Amino acid sequence: ADVRIGNLECPVAASGTPLPNKIYSFRADPATLRVLQGRFDALSVANNHAGDQGSAAFVETLERVRAAGIAPFGGGRDLREAHRPLWIERAGLRIALLAYNEYKPRAFEAGPDWPGIAWSEDSQVKSDIRAARAAGADLVIPFMHWGWEREPAPTERQRQLARLMIAAGADLVVGGHPHVTQGAEYYRGKLVVYSLGNFVFDGFDAPAEKRGWLLRLTLDRRGLVAWETVVAQMDA
């Protein structure tokens, strides 16, 4: 692929303290970034585990990911940076990639002068999409962290938000978080893939949790030309 994108479901840091009152607080050893180098070009940090080890570890994660030659998006040192699109330019095509989380805790949300992730507040999402289009994006693609875990079908909220984004100008919507795939549909001729499921993730036993999708997209200035999913099956 010209560009390979994933979701980084944990801080990657040598520092940090697990947040209280969370069932699972993740942290990856910085050495693991060697595995991602050359395999991913960009990683979303807009998820419910990016802030597991506190603000300092989150900022450290952004710095380490960038140092590995990978572009983090969906988070930043403040609200403006967290909502800034990742610009992808290939073969004359200019794509604005946005990322949002809406699964608790909202305490990870970036603020005017503190670091964190982009939260999917409807008004901000619409504003970001329209601003990206005004800034010259040929295509705008939101990458979402949403829905309920282990549910095979999207919620009404996911459908509502996908439609809102497409109405605001998104060209397609891709999502994750439920740890299982959730199917796809079209709205106003635009593709919505609700959940890609797991790709590499420990601690899951059910067959549906061990199977994810790699989504391959072919795009041009008119939008989506073709798409397919490739099954990713996790084993020991």
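Here's a quick rundown of the structure. (Residues numbered from 1 in each chain as written. Predicted model: local features only at pLDDT ≥ 70, side-chain atom pairs only at ≥ 80, totals over all residues. Heavy atoms only, no water.)

Quick word on the sheet that holds strand E8 (residues 139-145)
Judged by pairing direction, the sheet is mixed, and its six strands sit side by side in the order E5-E6-E8-E9-E11-E10 without closing on themselves. Every other strand in the sheet has two partners, leaving strand E5 (86-90) and strand E10 (184-187) as the edge strands with one partner each. Strand-to-strand twist across the sheet, computed as the mean angle between neighbouring axes with direction ignored, equals 20°. When E10 meets strand E11 (residues 190-193), the two strands line up antiparallel, connected through four bridges. If you follow alanine 184 over to E11, its bridge partner there is valine 193. Against the sheet, helix H4 (residues 122-134) engages E5, strand E6 (93-101) and E8, with an angle of about 170° to E6. Packing against the sheet, helix H5 (residues 156-168) makes contact with E8, strand E9 (172-176), E10 and E11, and its axis sits at approximately 45° to E10. (Pairing = 2+ DSSP bridges. Helix = DSSP H or I, 4+ residues; strand = E, 2+ residues; numbered from the N terminus. Axes fitted to C-alpha atoms, helices over the stretch in contact; angles between N-to-C directions. Contact = heavy atoms within 4.5 Å.)

Concerning the sheet that holds strand E1 (residues 5-7)
Strand order in the open sheet made by the three strands is E1-E2-E3, with parallel pairing throughout. The two strands at the open ends of the sheet, each matched to only one other strand, are E1 and strand E3 (71-73). Averaged over all pairs of adjacent strands, the angle between their axes in this sheet comes to 25°, without regard to strand direction. Sheet topology places strand E2 (residues 42-44) next to E3; three bridges connect them, and they run parallel. Bridge pairing in E3 places leucine 43 opposite proline 72.

Details of the environment of glutamine 124
Within the fold, glutamine 124 resides in helix H4. Here glutamine 124 falls in the partly exposed class, since its relative accessible area comes to 23%. Residues glutamine 124 and isoleucine 70 lie 54 residues apart in sequence; the distance between their C-alpha atoms is 26 Å. For glutamine 124, the contacting residues outside a window of four places in its chain are Leu79, His83, Tyr100, Glu109 and Trp119. (Buried < 20%, exposed > 50% of the residue type's maximum accessible area, 1.4 Å probe, protein only.)

Considering the side chain of glutamate 102
Here glutamate 102 shows up in the loop between E6 and strand E7 (116-117). Among the polar contacts listed, one links the side chain of glutamate 102 to the side chain of arginine 157, at a separation of 2.8 Å. Discounting residues that sit within four places of it in the chain, glutamate 102 has contacts with Trp119, Ser120, His145, Trp146, Arg157 and Leu161. (Polar contact = N/O pair within 3.5 Å; in protein donor to acceptor, adjacent residues only side chain to side chain.)

Describing the side chain of aspartate 52
Note on placement: aspartate 52 falls in the loop between E2 and helix H2 (55-67). Among the polar contacts listed, one links the side chain of aspartate 52 to the side chain of lysine 22, at a separation of 2.6 Å. Apart from residues lying up to four places away in sequence, aspartate 52 is in contact with Pro11, Thr17, Pro18, Leu19, Lys22, Tyr24, Ser25, Phe26 and Phe108.

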